[in-house]
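# Report on the structure
What follows is each chain in one-letter form.
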Amino acid sequence: MRFKRTLSVVDCHAEGESGKVIVGGVGQVPGETMFDKRVHLETHMDDIRRMVLFEPRGAVWHNANIVLPSNHPQADMGYVILETTEYPAMSGSNTICVATVLLETGILPMREPVTNLTLESPAGLIRVRCECSDGKVTSVRLVNQPAFCYHLDRKLELAGFGAVGVDIVYGGMTYAMVDAAELGFAIERSEARELCELGQRVKAAAVEQFAVEHPENPAIPGITNTQFMGPLRREGERLFARNTVIVSPGRCDRSPCGTGSSARLALLHAKGLMREGETLVHESITGSRFACTIDGVAKVGSYAAVVPAIAGQAWITGLYQMGMDPTDPYQEGFTMSDTWMSTV
Ligand SMILES: O=C(O)[C@H]1NCC[C@@H]1O
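Residues numbered from 1 in each chain as written. Predicted model: local features only at pLDDT ≥ 70, side-chain atom pairs only at ≥ 80, totals over all residues.

The name given to the protein chain in an unreviewed UniProt entry is Proline racemase, with the source organism recorded as Plantimonas leprariae. The UniProt entry for the protein chain carries the following comment under Sequence similarities (unreviewed entry): "Belongs to the proline racemase family." (UniProt positions renumbered as here; feature names shortened; annotations may be inferred.)

### Things to note about the domain arrangement of the protein chain
If you check the domain split of the protein chain, you get domain 1 (5-142 + 316-324) and domain 2 (147-312). One C-alpha centre belongs to domain 1, the other to domain 2; they are set 23 Å apart. Contact with domain 1, which involves 23 residues of that partner, is made by 27 residues of domain 2. Among the secondary structure elements, those contributing two or more residues to the side of domain 1 that touches domain 2 are helix 3 (92-104) and strand 8 (136-143). (Domains from an automatic or database assignment. Contact = placed C-beta atoms within 7 Å. Helix = DSSP H or I, 4+ residues; strand = E, 2+ residues; numbered from the N terminus.)

### Quick word on the pairing of strand 5 (residues 77-82)
Among the six residues in strand 5, five count as buried, and that is most of the element. For the handedness criterion, the β-α-β arrangement of strand 5, helix 3 and strand 6 (residues 114-121) is classed as right-handed. (Buried ≥ 20, exposed ≤ 12 C-beta atoms within 10 Å, placed from the backbone. Right-handed = clockwise from strand over helix to strand, strands pointing away.)

### Details of the nonpolar core
Ranked by internal contacts, the top residues of the largest apolar core, which has 88 residues, are A99, V169 and A266. The dominant element in this core, judged by the number of residues it contributes, is helix 3, at seven residues. Two domains each put at least three residues into this core: domain 1 (5-142 + 316-324) and domain 2 (147-312). Setting aside residues up to four positions removed in sequence, A99 forms contacts with L117, L119, V128, C130, V137 and V140. (Core = buried A, V, L, I, M, F, W, Y, C linked by C-beta atoms within 7 Å.)

### Regarding the pairing of strand 16 (residues 279-283)
In strand 16, alternate side chains face the same way, and those of L280 and H282 are buried while those of T279, V281 and E283 on the opposite face are not. By the bridge criterion, five bridges tie strand 14 (residues 238-247) to strand 16 in an arrangement that is parallel. Bridge pairing links L239 to L280 in strand 16. Where strand 16 folds back on strand 17 (residues 289-300), the antiparallel hairpin that results is connected by five residues, among which G287 adopts a positive phi of roughly 95°. (Pairing = 2+ DSSP bridges.)

Structure representation (structure tokens):
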């Protein structure tokens, strides 16, 4: 064995969206909070993200999480989220993967039928309720940090389309939210490539035309994703809608996207279309679903916010050691414009 780095990885997906969980091999990451550790990883240890997510080991649709002990007295564990173009403050699908891996691999004790955890994400504490049966986590319900609208009912100048309706919303990541039908989409799998291309253009235009700064943490990344929203319908007590989030550098989230769903709850509440206590069944382009509830209302700086709760399930698909041979010419990984839309 001659690896210069060896990572213990548990592969997992939440409702179709990859979320690798790195449970060993990273070593010490300095920092008091998970946000501090996130900054340290981004600034001094980004080779780990590139090794895991870039080719030849990773792929554009992969995400990863580094599980780390937390210094917060209330937290059972902490984690830093790694994605292909950023270190998000929060991620719904990744949190569902982390909670599932922590319990199903025995890093934290599982109690049936319910295990409650408090996890420290870079965005802050995330309370998680895991339903467990026969050693399997059958549902993870996470309470996200508050979500809020930066810009409501605005127009985006988009080349080839003119003025397009847009809302800019924070749900743990920051979204340019557009109506899929207005742009000619039904949110079907066959439209994925076109959705990705247009989604990237929407994002770039939104970054140019709308300023955002998180009032409690200006270091949180700005607009990095586009969300195409399908029509909303009400069936009794529940709301239903389809969506797809175009995650940078330009691929569809395979799940309904937890932070994107949180943003949609904030938007529906701000527009008077959804009340506290109500649940939206949010469906992804692949047909997988999250149950998304407005657990309460809050304030973030001067913004009116909602407290989103997102529920879904994850499945472990593999456990292995990922290594880096010191003679490997692809130490930093690479990307190709065939699937990444850009080269690094
Ligand atoms: O569920 C989410 O929030 C996300 N899924 C991958 C990209 C986002 O982090």
